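If you want the building blocks of each chain, they are given just below.
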Amino acid sequence: MKPGRSRFLLGVLCFGFAFLYVPIILMMVYSFNYSKLVPVWGGFSTRWYTTLLESEEVWAAAALSLKIALLNATFATLLGTLAGIALARIHRFRARTLFTGMISAPLVMPEVITGLSLLLLFITLNQQIGWPAQRGISTITIAHITFSMAYVAIIIQSRLAGTAQDLEEAALDLGAKPFRVLWDITLPQLTPGMAAGWLLAFTLSLDDLVIASFVSGPGATTLPMLIYSRIRLGLRPDINALATLIILTVTIGVLIAGWLMIRQQRANQQATH
Amino acid sequence: MTQDASYPWRQPDATPFISIKNLSKQFGSFTAVDDISLDIYKGELFGLLGGSGCGKTTLLRMLAGFETPTSGSIFIDGAEMTQVPPYERPVNMMFQSYALFPHMTVEKNIAYGLKRDGVGRSEITDRVADILKMVELSDFGKRKPNQLSGGQRQRVALARALVKRPKVLLLDEPLAALDKRLREQTQFELMNIQDQTGVTFVVVTHDQEEAMTLSTRIAVMDAGKFMQIGEPAEIYENPATQFIANFIGSANFLPVTLIDKNQSTVQLQHEPSQKVFTAATDHKSPESELTTGQQSTMVLRPEKILIDKTPLTDCQNQLAGVVKEVAYLGKLSTYRVQTEIGITFEVTAPNQIRSQGIGHRIDWDDPVHIGWNDNSAVLLQS
């Protein structure tokens, strides 16, 4: 390759990455800005972090978000794992293709539609059976489980589709009853996938603004909802600090999930060779 | 007749150990196994041989209980097994992929089946140690499967299947994943272990040499049916059809018409060339059923044909020809000879003399004579 051309490609690459990451880095830098005016640099300071940590509103929203994210991740992993196993392993399963398609529908469905339809569901349920009496943490959690279990199911299904059924058959052959096989052989194989799914579900829930806004009720404000409502009142430096913290949390989660999935892929390759 | 004790299938009144009756398996409109019946006797090392898609693996999986037959039944040691789930059958299987549990050590892999049977802890330890010793892996008990070589994994898989002392051990292409040298060595190990344990083995393979070496009897399968069942030598020397003659070893086919027949020999004519050949009849082959004027095929194994530069005066049947191709394989050479009757014969001959080429050795385009005796050919009705 000519040096001129490679320099051009390198330039394009740098521009691309700059476009993606410079705003985030700038925001992180400005979260340490002393000045109250966001775009004006007034010297280094951590005062906005202090302000942030002193705000009860922020603490409440963060606690709610974390609670929802934890509940969501746990239930979505449970349900998604069961769905994934069913889709990958039950052979005489009528309309399997239909179910496989339906489980991945939430991934491509616009969030506004998911949110709106769930809201309508909750309202109808409230009218018909009186539950949920009030929208809040429970409705947000249910809504989050609905879409994040689809991600888990797909991770689990692809993990199982990648491994031959030999192991399970070998266990059956050695005298293990089907439930025992699930417990002894299938689930241990799935732990990395389940952990990755849990982390993914956790970050998805932590990030979500649209669906939560639809199905939330009075008094239940998640962290993204709080940020959004504050930004509408104007840019404030403490939001920069909050966003920086969220980005750090999510990045760590995504990195761990990615690492787990790579490890699982390697294990898959080893098992098949 | 004492020797017949080790050949129970030769005795008409012997009790079969595994009895398969009119077994069929359909996947949708595809028939994988088509109405087959088979008796396997205690202590046999039975080979199921066939190309891919012939139904041999489906048959094995039905024996293991992973597939439910569409119709027919399976009996093992007198008990009906057709609807029994795999975890309740006195049968264990060694998988082609070995299917070792990657998250368990070698010891735990082997102990797994015993634990499921509720065997006591100390007995498990003893039996695992014994079987590890038998497969010569005593030092590897604490390793995980991915820390073992291919040959070691194969032996762990064998130990895991054998430790439960099954009535029948099913082996799905047990040697396919090993390289050639290891495969040959392992063949003999398998035979030894089968001998020591006395367990009835059913081996699925696509490799005809492997089937010939290992098996007491072979069933050749094609399109879900048995083409022939018999001892290796029987199948090789008396193939029932051209398909089998070609599938097991290689063979030359000569279309002929029977023109004369007496007590011990038949005269056969290759019509395009009017050349006449002699073949002996014996009680085992279908020659005796042939009638004059009937079309048949002479099947000649390449190693049963002699080849020389001078006429072969000792042979009842002779043809002149020209060597078209020579493949030198070290211990023997394979020649393709274009004969006077227009048919190309494949002939193999041992390289007995260490010649340096020129003169003695048969080479490309040499005029040669090939010949065979009257008891060398098999006649098949066509």
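Everything below is about the structure shown above.
This structure is a prediction, so every number in the text was calculated from the model and none was measured.

A. Representation of the overall build of chain B. Counting its secondary structure elements, chain B contains eight helices and 20 strands. Dimensions of chain B, computed from C-alpha atoms along their principal axes, come out at roughly 75 × 50 × 45 Å. Within the span of chain B, comprising 382 residues, buried residues form 49% of the whole. Put simply, 66% of the contacts in chain B that link residues at least 6 apart link residues at least 24 apart. For chain B, the exposed surface amounts to about 18100 Å²; the carbon and sulfur share of it is 48%. In chain B, which carries 38 positive and 45 negative side-chain charges, the distance between the mean positions of the two groups comes to 10 Å.

B. Highlighting a nonpolar patch on the surface. On the surface, A:Leu10, A:Leu13, A:Phe17, A:Leu20, A:Tyr21, A:Ile24, A:Ile25, A:Val29, A:Trp41 and A:Phe44 cluster together to form a nonpolar patch covering roughly 1000 Å² of accessible area. The exposed category is assigned to A:Leu10, whose relative accessible area is 52%.

C. The sheet that holds strand β9 (residues 217-222) of chain B, seen in detail. All names here are of chain B. Here six strands make up an open sheet; going across it, the order is β6-β7-β8-β3-β9-β10 and the pairing mixed. The open sheet has two free edges, formed respectively by β6 (91-94) and β10 (225-230), since each of these has just one partner strand. When the angles between neighbouring strand axes are averaged without regard to direction, this sheet yields 20 degrees. As defined by bridge partners, strand β7 (residues 168-172) adjoins strand β8 (residues 200-205) across five bridges and the pair is classed as parallel. Paired with Leu 170 across the bridge in β8 is Val 202. Docked against the sheet, helix α5 (residues 180-197) engages β3 (45-49), β7 and β8, running at close to 155 degrees with respect to β8.

Thresholds applied
- Residues numbered from 1 in each chain as written.
- Chains lettered and ligands numbered in written order.
- Predicted model: local features only at pLDDT ≥ 70, side-chain atom pairs only at ≥ 80, totals over all residues.
- Heavy atoms only, no water.
- Helix = DSSP H or I, 4+ residues; strand = E, 2+ residues; numbered from the N terminus.
- Buried < 20%, exposed > 50% of the residue type's maximum accessible area, 1.4 Å probe, protein only.
- Contact = heavy atoms within 4.5 Å.
- Areas by Shrake-Rupley, 256 points an atom, 1.4 Å probe, with all protein chains shown as cover.
- Lys, Arg positive; Asp, Glu negative; His and termini not counted.
- Charge placed at Lys NZ, Arg CZ, Asp CG, Glu CD.
- Patch = residues over 30% accessible without salt bridge, like charges linked within 9 Å, V, L, I, M, F, W, Y side chains within 5 Å.
- Salt bridge = Lys/Arg side-chain N within 4 Å of Asp/Glu carboxyl O.
- Pairing = 2+ DSSP bridges.
- Axes fitted to C-alpha atoms, helices over the stretch in contact; angles between N-to-C directions.

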